[in-house]
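Listed below are the residues making up each chain.
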Amino acid sequence: MAVAFYDKFSSDISNLLIFDDEFNVTIEVGQAPNNQVFKAHSIILSSRCPYFKNKLHTMTYNEYNFKTIKRNDISVEVFDIIIRYIYNGAITLKSVKTSVMFDLLITSNEFGLEELVKYVQTFLAENNNSWIHLNFFYACQISFKDNNFEDLKKFCTNVITRQPAIIFDADKFITLPESILVYILRLDDLQLDEGNVWDYVIKWGIAQISNLTPNPEQWTDENFLTMKNTLKNCLPLVRYFSIAGDDVFKKVRPYRKILDVTLWEDLTKKFMAPSDVITSTILPPRNILHKDNSSTSSTIFVPGQHFTSISQPIITQPSTTNNTPISRSVFWFRTIYSGMRPYILVQNPLYWSETHDFGFEPIEFEQL
């Protein structure tokens, strides 16, 4: 039976990086004056990293029998993590800044280090939730850059569905790539009123057209046609028949020229002649968490963003158990952990989000 001594093996390989015995590759990274040269071994680089395997295969040795690679677009900190991973298969991200981790994710993906790409995404989602919320627009765009970022993309999607304001009310919303907007509009669980969905689609469309006034009453037929073409991939994804009548009149009607004639007629029929046949495609309504008669709107603070409404039960008096009064502070504490449990990130309310669950079981108010 074979006995594996992986720890000693890993240590010996790591020492090659430390003492750079018989190296034959130099890798210069970073920008001067903070650039740094790493000494490495082609056999290890090629064996452990697809990028280096392909790169080194196309290079020839210089007169000193070295191959030199320059990557000034990669920081010293990021490459130091990667080269250590290549040599000893271990990394530590505890003291690494979150922004650096995103750079590490991008570079690891370019280098074909699938295991590292997977791990960094998991680490970000589990340990850097609040930073991602504070820098959500950036994190979201990164998550859509490559199919290998699927785990980060799922995390961002979950945040968007529950807290749509975090992306739609962002200052950079109008710069959102069309592909991401289309992806969001396809989400069945997007917790956003369809009338507001329409508003954001229009807002985004106007921003894509140079010198277009936001007032549709001043638009020419050519303006409407340009708008229709700009939104050709977004308009079919709006759930028109889920828009309230008031919103159809106030919000959609001014832009009806960008809609197909049949769709506008069918939308009008819905309210004026509901028994008539509708031929337009009717998309299913989004799975919105509806309020009931005992609910009112509460708010959750998303760092750096606007408030987002959710439904919470109305409770006017502290509950009691066995006729024993409960103090207001205890009542408030328990109310937070029962009614708002899915929306808590940490105990500090400045860092609340809707995506983290501490694992507490809901506490029924009558049990308090």
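Residues numbered from 1 in each chain as written. Predicted model: local features only at pLDDT ≥ 70, side-chain atom pairs only at ≥ 80, totals over all residues. Heavy atoms only, no water.

A. Quick peek at the packing of aromatic side chains. This model, assessed by the stated rule, comprises 18 aromatic pairs. Here Phe102 and Tyr138 contribute two aromatic rings whose centre-to-centre distance is 5.5 Å and whose plane-to-plane angle is 65°, an arrangement assigned as edge-to-face. Taken together, the positions of Phe102 in helix α5 (residues 98-110) and Tyr138 in helix α8 (residues 136-143) put the pair 36 residues apart, joining distant regions of the chain. An aromatic cluster is built from Phe38, Tyr51, Phe52, Phe79 and Phe111, whose rings are joined through pairwise contacts. It is Arg48 that lies over the ring of Tyr85; its NZ or CZ is 5.0 Å from the centre. Between Lys67 and the ring centre of Tyr61, over which it is positioned, the NZ or CZ distance is 4.6 Å. (Phe/Tyr/Trp six-rings, centres within 6.5 Å; stacked < 30°, edge-to-face > 60°. Helix = DSSP H or I, 4+ residues; strand = E, 2+ residues; numbered from the N terminus. Lys NZ or Arg CZ within 6 Å of the ring centre and 35° of its normal.)

B. Focus on the pairing of strand β1 (residues 25-29). The buried fraction of β1 amounts to five of the five residues, a majority that puts the element mostly inside the structure. Counting the residues that bridge the hairpin from β1 to strand β2 (residues 36-40) gives six residues, and of these Gly30 lies at a positive phi of roughly 85°. Direction of pairing for β1 relative to strand β3 (residues 67-71): parallel, over a ladder of five bridges. Looking across to β3, one finds that Val25 is bridged to Lys67. (Buried < 20%, exposed > 50% of the residue type's maximum accessible area, 1.4 Å probe, protein only. Pairing = 2+ DSSP bridges.)

C. Geometry of the sheet that holds β1. With mixed pairing, the three strands of this open sheet are ordered in space as β2-β1-β3. Since the sheet does not close on itself, it has two edges, and those belong to β2 and β3, each with one partner. For this sheet the average axis-to-axis angle between neighbouring strands, irrespective of direction, equals 20°. The pairing of β1 with β2 spans five bridges and is antiparallel. (Axes fitted to C-alpha atoms, helices over the stretch in contact; angles between N-to-C directions.)

D. Molecular detail of the environment of Gln31. Among the structural elements, Gln31 can be located in the loop between β1 and β2. Note: C-alpha distance between Gln31 and Ser75 (44 residues apart in sequence) is 7.5 Å. Within the local environment of Gln31, its side chain forms a polar contact with the backbone oxygen of Asn72, the two atoms lying 3.1 Å apart. (Polar contact = N/O pair within 3.5 Å; in protein donor to acceptor, adjacent residues only side chain to side chain.)

E. How the structure looks around the pattern of salt bridges. As enumerated under the stated definition, the model contains 11 salt bridges in all. Asp221 is the salt-bridge partner of Lys257, the closest N and O atoms lying 3.3 Å from each other. Of this pair, Lys257 sits in the loop between α14 (245-252) and α15 (261-272) while Asp221 sits in helix α13 (residues 221-230), placing them 36 residues apart in sequence. Here the residues in one salt-bridge network are Arg71, Asp73 and Glu110, joined through shared partners. (Salt bridge = Lys/Arg side-chain N within 4 Å of Asp/Glu carboxyl O.)

F. Local environment of α5. In this model α5 runs 19 Å from its N-terminal to its C-terminal C-alpha over 13 residues, within 8% of the 18 Å that 1.5 Å per residue would give. Restricting attention to buried positions, one finds in α5 the residues Thr98, Val100, Met101, Phe102, Leu104, Leu105, Thr107, Ser108 and Asn109. If you follow the buried residues of α5, they end up packed against α4 (76-88), α6 (114-127), α7 (129-134), α8 and α9 (150-162). Looking one or two residues past α5, Gly112 carries a phi angle of roughly 75°, positive in sign. (Expected span 1.5 Å × (residues − 1). Contact = heavy atoms within 4.5 Å.)

G. Up close: unusual backbone geometry. Omega for the bond connecting Ala32 with Pro33 falls within 30 degrees of zero, at 10°, which places this linkage in the cis form. Mapped onto the elements, Pro33 comes out in the loop between β1 and β2. Located in the positive-phi region is Asn211, a residue other than glycine, with phi close to 60°. Relative to the assigned elements, Asn211 resides in the loop between α12 (194-207) and α13.

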